[in-house]
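What follows is the residue order along each chain.
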Amino acid sequence: MTSEGTEVQVRPGVEGDLRALTDIYNHYVRETPVTFDTAVFTPEERRPWLLSHPEDGPHRLMVAVDRESQEVLGYATSSGFRAKPAYATSVEVTVYLAPHATGRGVGTHLYGALFAALAGEDLHRAYAGIAQPNEASVRLHERFGFRHVGTYREVGRKFGRYWDVAWYEKEL
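Description of the structure in this document. (Residues numbered from 1 in each chain as written. Predicted model: local features only at pLDDT ≥ 70, side-chain atom pairs only at ≥ 80, totals over all residues. Heavy atoms only, no water.)

**Structural notes on the pattern of salt bridges**
Inspection of every chain in the model, using the stated rule, returns 9 salt bridges. Its salt-bridge partner being Glu171, residue Arg125 comes within 3.8 Å of it at the nearest N-O pair. On the criterion of sequence distance, the pair formed by Arg125 in strand β6 (residues 125–131) and Glu171 in strand β8 (residues 161–171) is long-range, its members being 46 residues apart. Connected through shared salt-bridge partners, Arg125, Arg147, Glu169 and Glu171 make up one network. (Salt bridge = Lys/Arg side-chain N within 4 Å of Asp/Glu carboxyl O. Helix = DSSP H or I, 4+ residues; strand = E, 2+ residues; numbered from the N terminus.)

Laid out in structure tokens, this is it:
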């Protein structure tokens, strides 16, 4: 796959990706309302998250790397939507990209690989919560067939203000 001059490879995430994945996530913790986490993580603190996404099953971690340099450009996950058993056929999905990798189609490659990997799983719906405003994320999700189902108004407080989260769903 090519993204504006960069050959992108998408593969399952591995232990060796942990530092790079943590660095990407911490950028969004520190600089944006995209995540409602407010304190950065060490790689060791993120290890349980990584281990909760095996190479098979409904909870996946896909990583995009530059094919030449093997630099991690971003990742996409499917995670449990809610803890109660009846929610088992629903997942929450998300994409995080290195700041310099945005706008280059990397998110599209990641979601393409993630949804292909999930195709054989016993899943019914995927959900995505998008802190507003975030037009790039809205466009990405709509491109993959997500539709807006509602907005939680002022549901999170970060950087001294309240943020809305728009919820999107996709049939799997």
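What follows continues from the structure just given.
**A few points about empty space enclosed by the protein**
If you roll a probe as big as a water molecule over the atoms, it shows you where there is empty space left. A full pass over the atoms with the stated rule returns 1 cavity of 30 Å³ or more. Reported here for the largest cavity is a volume of approximately 40 Å³. Lining the largest cavity, in full, are Pro12, Gly13, His53, Pro54, Glu55, Arg60, Leu61 and Met62. Residue composition of the lining of the largest cavity, by class: 4 nonpolar, 2 polar and 2 charged. (1 Å grid on protein atoms, 1.4 Å probe; cavity = no way out; pocket = protein on both sides within 12 Å on 5 of 7 lines; lining within 4 Å. Points joined across faces, edges and corners; volume = space filled by probe spheres on them. Nonpolar A, V, L, I, M, F, W, Y, C, P; charged D, E, K, R; others polar.)

**Some points on the packing of helix α3 (residues 106–118) against helix α4 (residues 135–143)**
Running from amino to carboxyl end, α3 crosses α4 at an angle of 35 degrees, the nearest separation of the two axes being 11 Å. Note that α3 runs across α4; the crossing there is right-handed. Contacts between α3 and α4 pair Gly107, Thr108 and Tyr111 from the former with Leu140, His141 and Arg143 from the latter. When its residues are assigned to classes, the contact of α3 with α4 shows 2 nonpolar, 3 polar and 1 charged. (Axes fitted to C-alpha atoms, helices over the stretch in contact; angles between N-to-C directions. Left-handed = near helix turned anticlockwise from the far one by under 90°. Contact = heavy atoms within 4.5 Å.)

**Some thoughts on the side chain of Glu169**
Looking at the element boundaries, Glu169 is found in strand β8. A relative accessible area of 12% places Glu169 in the buried class. A polar atom in the side chain of Glu169 sits 3.4 Å from the side chain of Tyr127. With sequence-adjacent residues up to four places away left out, Glu169 is seen in contact with Arg125, Ala126, Tyr127, Gly145, Phe146, Arg147 and Val149. (Buried < 20%, exposed > 50% of the residue type's maximum accessible area, 1.4 Å probe, protein only. Polar contact = N/O pair within 3.5 Å; in protein donor to acceptor, adjacent residues only side chain to side chain.)

**Some points on a nonpolar patch on the surface**
A grouping of Phe36, Tyr152 and Val155 is seen on the molecular surface, where their side chains present a nonpolar patch of about 270 Å² in accessible area. Tracing the backbone through its elements, the reader meets Phe36 in the loop between α1 (18–31) and α2 (43–51). (Patch = residues over 30% accessible without salt bridge, like charges linked within 9 Å, V, L, I, M, F, W, Y side chains within 5 Å. Areas by Shrake-Rupley, 256 points an atom, 1.4 Å probe, with all protein chains shown as cover.)

**Side note on the pairing of strand β7 (residues 147–158)**
Consecutive side chains of a regular strand alternate in pointing toward one face of the sheet and then the other. The pairing of β7 with β8 spans 8 bridges and is antiparallel. Each residue of the ladder has a partner; that of Gly156, found in β8, is Trp163. The hairpin turn running from β7 into β8, its antiparallel successor, is 2 residues long, and Phe159 in that turn takes a positive phi close to 55 degrees. (Pairing = 2+ DSSP bridges.)

By themselves these figures say nothing about function.
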